[in-house]
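Notes for the structure review
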Amino acid sequence: MSILVTGARGHVGRAVLDALVTAGQDVRASSRDATTLDVPVAKVSADLEDPSTLDAALHGVSAVFLYTRPQGIEGFVKAAEAAGVRHVVLLSSGATLEPRSAQSRIARLHRAVEEALIAAPFAETLLNPGSFATNALGWREDIASGVVRTPYADSRVGAIHERDIGDVAAKILASGSHTGQALRLSGPSPISFREQADVLADVLGKPLRVEELTPEQAAERMTALGWPPEVPPEVLRAMERTTREPSVVTDVVREVTGNAPRTFRQWAEEHRADFA
């Protein structure tokens, strides 16, 4: 039986797909429009918000890598149960593991999906990463002009490489391990946005000036990018908090895969071309 990777166009989805292919697994990739996928495996169109697209995508599938999407989760659970899916690995958020999660809209949205899977008749594993190294791609336009603009430049986060998430998910999907668990994933150590800018400057071979945005300026930029207006204040509060209390880092990547989590420098070197 196959493993279905949803969201295969995304950074993490593609990392999961690549890790499963390398491991010799029978994999199927899905996106809302499969014609947009450039992947070396079978592909199928599936819209998690449209249950009518799921039966064909899940036919013959034993395990699924799933992105959090509250809309349509009930339809997904029903379709997965009908298809005989045995295990779903969810890309959730570290926000659901925070003490303040009840007050967090981001956490509540992710938690709704987690709870739907926990209540489902098949097994689930929740992956709860914090900050993604790929967030630095949001600086591309600024970096082209020699600057990194960010609020709370000294916020220290456990930025994780998408390939580490992919390797963890692939290992669990292939083995059926860690069922019923929520795994907090992180990079190897907290790294500030200022330190990330220094790494990028070194890797790209160009000086980069850090310009610290006010919370108001940052919220305005986020809203302009399409973030719901209630989300930026929440994200900014978390950033401010990690200037005082660095994000939690764990050794879960090593525990699951046997390999140390990749550093932000490794991520930057692999993504050098993305900043060209």
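This text goes with the structure placed above it.
Our focus in this paragraph is the nonpolar core. One finds Phe65 and Leu127 to be the most contacted residues of the largest nonpolar core, which totals 31 residues. Where this core is concerned, the elements lending two or more residues are β1 (2–5), α1 (11–22), β2 (27–31), β4 (61–67), β5 (87–91), α6 (162–175), β9 (182–185) and α10 (252–257). A total of six residues in this core trace back to one element, the largest contributor, which is α6. Those residues within four positions of leucine 127 in sequence are excluded, and the remaining contacts are Phe65, Val89, Leu90, Leu91, Ser92, Ser93, Ile165, Val168, Ala169, Ile172, Leu183 and Leu185. Core analysis: the next-biggest nonpolar cluster, separate from the first, contains 28 residues, Ile191, Ala218, Ala219 and Trp267 among them.

The next thing to look at is helix α4 (residues 105–118). For α4, built from 14 residues, the straight-helix expectation of 20 Å at 1.5 Å per residue is met to within 8% by its first-to-last C-alpha distance of 20 Å. Along α4, the positions that sit buried rather than exposed are Ala107, His110, Val113, Glu114, Ala116 and Leu117. Elements that come into contact with the buried residues of α4 comprise β4, α3 (73–83), β5, β6 (123–129) and α9 (231–244). Measuring from the backbone nitrogen of isoleucine 106 back to the side-chain oxygen at the start of α4 gives 3.4 Å, which picks out serine 104 as the cap.

Glancing now at the sheet that holds strand β3 (residues 42–45). Strands sit in the order β3-β2-β1-β4-β5-β6-β9 across an open sheet of seven strands; the sheet is parallel. In this open sheet, the two strands that pair with only one neighbour each are β3 and β9. Each strand axis lies, on average, 20 degrees off the axis of its neighbour in the sheet, ignoring direction. With four bridges joining them, β6 and β9 adopt parallel strand pairing. By the bridge assignment, proline 129 is partnered in β9 with leucine 185. Along the sheet, α4 makes contact with β4, β5 and β6, crossing β6 at roughly 160 degrees. Packed on one face of the sheet, α6 meets β1, β4, β5, β6 and β9 and runs near 170 degrees to β6.

It is worth spelling out unusual backbone geometry at this point. Its identity as a non-glycine residue notwithstanding, tyrosine 152 has a phi of 50 degrees, on the positive side. Along the chain, tyrosine 152 falls in the loop between β7 (147–151) and β8 (156–157). Positive phi, close to 55 degrees, is recorded for histidine 178, a residue that is not glycine.

About the thresholds
- Residues numbered from 1 in each chain as written.
- Predicted model: local features only at pLDDT ≥ 70, side-chain atom pairs only at ≥ 80, totals over all residues.
- Heavy atoms only, no water.
- Core = buried A, V, L, I, M, F, W, Y, C linked by side-chain atoms within 4.5 Å.
- Buried < 20%, exposed > 50% of the residue type's maximum accessible area, 1.4 Å probe, protein only.
- Helix = DSSP H or I, 4+ residues; strand = E, 2+ residues; numbered from the N terminus.
- Contact = heavy atoms within 4.5 Å.
- Expected span 1.5 Å × (residues − 1).
- Polar contact = N/O pair within 3.5 Å; in protein donor to acceptor, adjacent residues only side chain to side chain.
- Pairing = 2+ DSSP bridges.
- Axes fitted to C-alpha atoms, helices over the stretch in contact; angles between N-to-C directions.

Geometry only, nothing functional implied.
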